[in-house]
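Overview (structure and organization)
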Amino acid sequence: MAPLITHLYTADPSAHVFEGKIYIYPSHDRETDIQFNDNGDQYDMADYHVFSTESLDPPAPVVDHGVVLKTEDIPWVSKQLWAPDAAHKNGKYYLYFPARDKQGIFRIGVAVGDRPEGPFTPDPEPIKGSYSIDPATFVDDDGEAYMYFGGLWGGQLQCYQKGNDVFDAAWQGPQEPKGDGACALGPRVARLTDDMRQFAEEVREIVILAPETGKPLAADDHDRRFFEAAWMHKRNGTYYFSYSTGDTHYLCYATGSSPYGPFTYGGRILEPVLGWTTHHSIVEFQGRWWLFHHDCELSKGVDHLRSVKVKEIFYDAEGKIVSEKP
Ligand code: FUB
């Protein structure tokens, strides 16, 4: 499978169908002298481009709409524009992005525009009460919008074990709960206000259950526990929460009957790719379902120089995600 975009390095693709086209909101990877570490410092991105295409099969050219937002334009940001997402509601388009604030703490910001390809004007402050990384926004059939977010290690999710408002600096870096009896830390969700610019409620932790026990996944279950890259899609009334397992490099999903969960682990969507990170989105386009993801083939394995790809996915009769047409 060839990369969709070859003139830039792009990663963490959030794909949406707006105005009958596919729009892709990815991270824009760049070269850096920063040494690789497990805190992710080498992912030192400084702006966002938006891309669009009219067809995936047969493939049509992917249009680069240029830079739509950059670090210098966002008053609260110090560095690291990581995985973004976008949403459309009330005639406006919203670009959500995580970045480190001036104190080095990841927050989530929003920028607003009139068109899917931007330009986007950032709010001067991050979303109040936001923390960690990888926002994914889902607008449900009833018009309510939810933001899913969170990421372990460099993403700082493990620093909030004492509460949403308590950043515990002792947990910074590549660490997380472990050992007998420890439950995996869950991704977070909050409903958004009608104007899509704030949380409408206290942030909640999502529980992912092991199907064989009905109990929350264990912290040591690195093949299945949430690490980062939250995504939500809905099919036939079922909510599919998907995510990366980080250090075991799988894309997995879990299903439930409410946008808040709990979700029951359902299986893998993608096996490990070349490169440390794996991150994705799932979107229905022209009656078929597509997995956007990234790998490091174009950079020949440089972990922080990634490229966006797409492949079709399928569902079996029970609604399980499968990679071949049943
Ligand atoms: O692109 C920077 C980070 O790498 C993202 O926020 C994570 O999901 C991982 O893909």
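Residues numbered from 1 in each chain as written. Predicted model: local features only at pLDDT ≥ 70, side-chain atom pairs only at ≥ 80, totals over all residues. Heavy atoms only, no water.

**Thoughts on the overall build of the protein**
Secondary structure summary: the protein contains zero helices and 22 strands in total. Whereas a compact globule of 326 residues would reach a radius of gyration of roughly 20 Å, the protein reaches 18 Å, a difference of no more than 12%. The dimensions of the protein, computed from C-alpha atoms along their principal axes, are 50 × 50 × 45 Å. A buried classification covers 59% of the 326 residues belonging to the protein. Element-wise, carbon and sulfur atoms account for 49% of the exposed surface of the protein, whose accessible area totals about 13100 Å². (Helix = DSSP H or I, 4+ residues; strand = E, 2+ residues; numbered from the N terminus. Rg over C-alpha atoms; globule rule 2.2 N^0.38 Å. Buried < 20%, exposed > 50% of the residue type's maximum accessible area, 1.4 Å probe, protein only. Areas by Shrake-Rupley, 256 points an atom, 1.4 Å probe, with all protein chains shown as cover.)

**Topic: the side chain of Gln-158**
Considering the arrangement of structural elements, one finds Gln-158 in the loop between strand S11 (145-149) and strand S12 (188-191). Reaching out from Gln-158, the side chain makes a polar contact with the backbone nitrogen of Trp-153 at a distance of 2.9 Å. Only 2.9 Å separates the side chain of Gln-158 from the backbone oxygen of Gly-173, close enough to count as a polar contact. Those residues in contact with Gln-158 that lie beyond four places of it in its chain are Gly-151, Leu-152, Trp-153, Trp-171, Gln-172, Gly-173, Gln-175, Glu-176 and Leu-185. (Polar contact = N/O pair within 3.5 Å; in protein donor to acceptor, adjacent residues only side chain to side chain. Contact = heavy atoms within 4.5 Å.)

**A closer look at the sheet that holds strand S4 (residues 63-70)**
Here we have four strands laid out as an open sheet, ordered S1-S2-S3-S4, and antiparallel in their pairing. Across the chains shown, the open sheet's two edge strands, defined by having one partner strand only, are strand S1 (9-18) and S4. Recorded for the sheet is a direction-independent mean angle of 25 degrees between the axes of neighbouring strands. With eight bridges connecting them, S1 and strand S2 (residues 21-29) associate as antiparallel partners. Bridge assignment links Tyr-9 to a residue of S2, and that residue is Asp-29. (Pairing = 2+ DSSP bridges. Axes fitted to C-alpha atoms, helices over the stretch in contact; angles between N-to-C directions.)

**Some thoughts on the pairing of strand S16 (residues 238-244)**
Counting buried residues along S16, six of its seven residues qualify, which places the element largely inside the surrounding structure. Of the strand pairs in this sheet, strand S15 (residues 228-235) and S16 are connected by six bridges, and their pairing is antiparallel. In the strand pairing of S16, Arg-235 is matched with Thr-238. Where S15 folds back on S16, the antiparallel hairpin that results is connected by two residues, among which Asn-236 adopts a positive phi of roughly 50 degrees. Bridge count between S16 and strand S17 (residues 251-256): six bridges; the pairing is antiparallel. Note that in S17 the partner of Ser-242 across the bridge is Tyr-253. With antiparallel pairing between neighbouring strands as the criterion, S16 and S17 make up a hairpin whose turn holds six residues, including Gly-246 at a positive phi of roughly 65 degrees.

**Some points on the packing of aromatic side chains**
One pass over the structure, following the stated rule, counts 25 aromatic pairs. On the numbers, 5.4 Å between centres and 90 degrees between planes, the contact of Tyr-146 with Tyr-260 is edge-to-face. Taken together, the positions of Tyr-146 in strand S11 and Tyr-260 in the loop between S17 and strand S18 (263-270) put the pair 114 residues apart, joining distant regions of the chain. The cationic tip of Arg-224 hangs over the ring face of Tyr-265; the distance from NZ or CZ to the ring centre is 5.3 Å. In this structure, Arg-235 is placed above the aromatic ring of Tyr-315, and the distance from its NZ or CZ to the ring centre is 4.0 Å. (Phe/Tyr/Trp six-rings, centres within 6.5 Å; stacked < 30°, edge-to-face > 60°. Lys NZ or Arg CZ within 6 Å of the ring centre and 35° of its normal.)

**Side note on the environment of Pro-187**
Here Pro-187 lies in the loop between S11 and S12. The class of Pro-187 is buried, set by a relative accessible area of 0%. Through-space distance from the C-alpha of Pro-187 to that of Thr-71 is 26 Å; in sequence the pair is 116 residues apart. What Pro-187 contacts, discounting residues up to four positions off in sequence, is Phe-149, Arg-204, Glu-205, Ile-206, Ile-208, Phe-226 and Phe-241.

**Things to note about the site of the ligand**
With respect to spatial proximity, the complete set of residues near the ligand consists of Asp-12, Ser-27, Met-45, Trp-82, Ala-83, Ile-133, Asp-134, Glu-228, Thr-277, His-279, His-294 and Arg-306. A distance of 2.7 Å separates an oxygen atom of the ligand from a polar atom in the side chain of Arg-306. Burial of the ligand by the protein chains amounts to 99% of its free accessible area of 270 Å². In terms of residue class, the shell around the ligand is built from four nonpolar, four polar and four charged. (Near = heavy atom within 4 Å. Nonpolar A, V, L, I, M, F, W, Y, C, P; charged D, E, K, R; others polar.)

**What about the nonpolar core?**
By size, the foremost hydrophobic cluster in this structure holds 50 residues, and its most contacted members are Tyr-96, Met-147, Tyr-148, Phe-199, Ile-208, Phe-241 and Tyr-243. At the level of elements, strand S7 (92-101), strand S8 (106-113), S11, S12, S15, S16, S17 and S18 are the ones that each hand at least two residues to this core. By residue number, the principal contributor to this core is S11, which donates five residues. Beyond its immediate chain neighbours, meaning those up to four positions away, Tyr-148 contacts Asp-134, Pro-135, Ala-136, Phe-138, Arg-188, Val-189, Ile-206, Ala-230, Met-232, Phe-241 and Pro-259. Tyr-25, Leu-69, Trp-76 and Leu-95 belong to the second largest nonpolar core, which has 18 residues in total. (Core = buried A, V, L, I, M, F, W, Y, C linked by side-chain atoms within 4.5 Å.)

**Overview of the pairing of S1**
Most of S1 sits out of view: eight of its ten residues are buried. Linking two consecutive strands that pair antiparallel, namely S1 and S2, is a turn of two residues; a positive phi of about 55 degrees is found at Glu-19 within it.

**Digging into the sheet that holds S16**
Paired through backbone hydrogen bonds, the strands of a sheet run either parallel or antiparallel to each other. Spatial ordering of the open sheet is given by S14-S18-S17-S16-S15, a layout of five strands whose pairing is mixed. Of all strands in the sheet, those with a lone pairing partner are strand S14 (208-209) and S15, marking the two edges.

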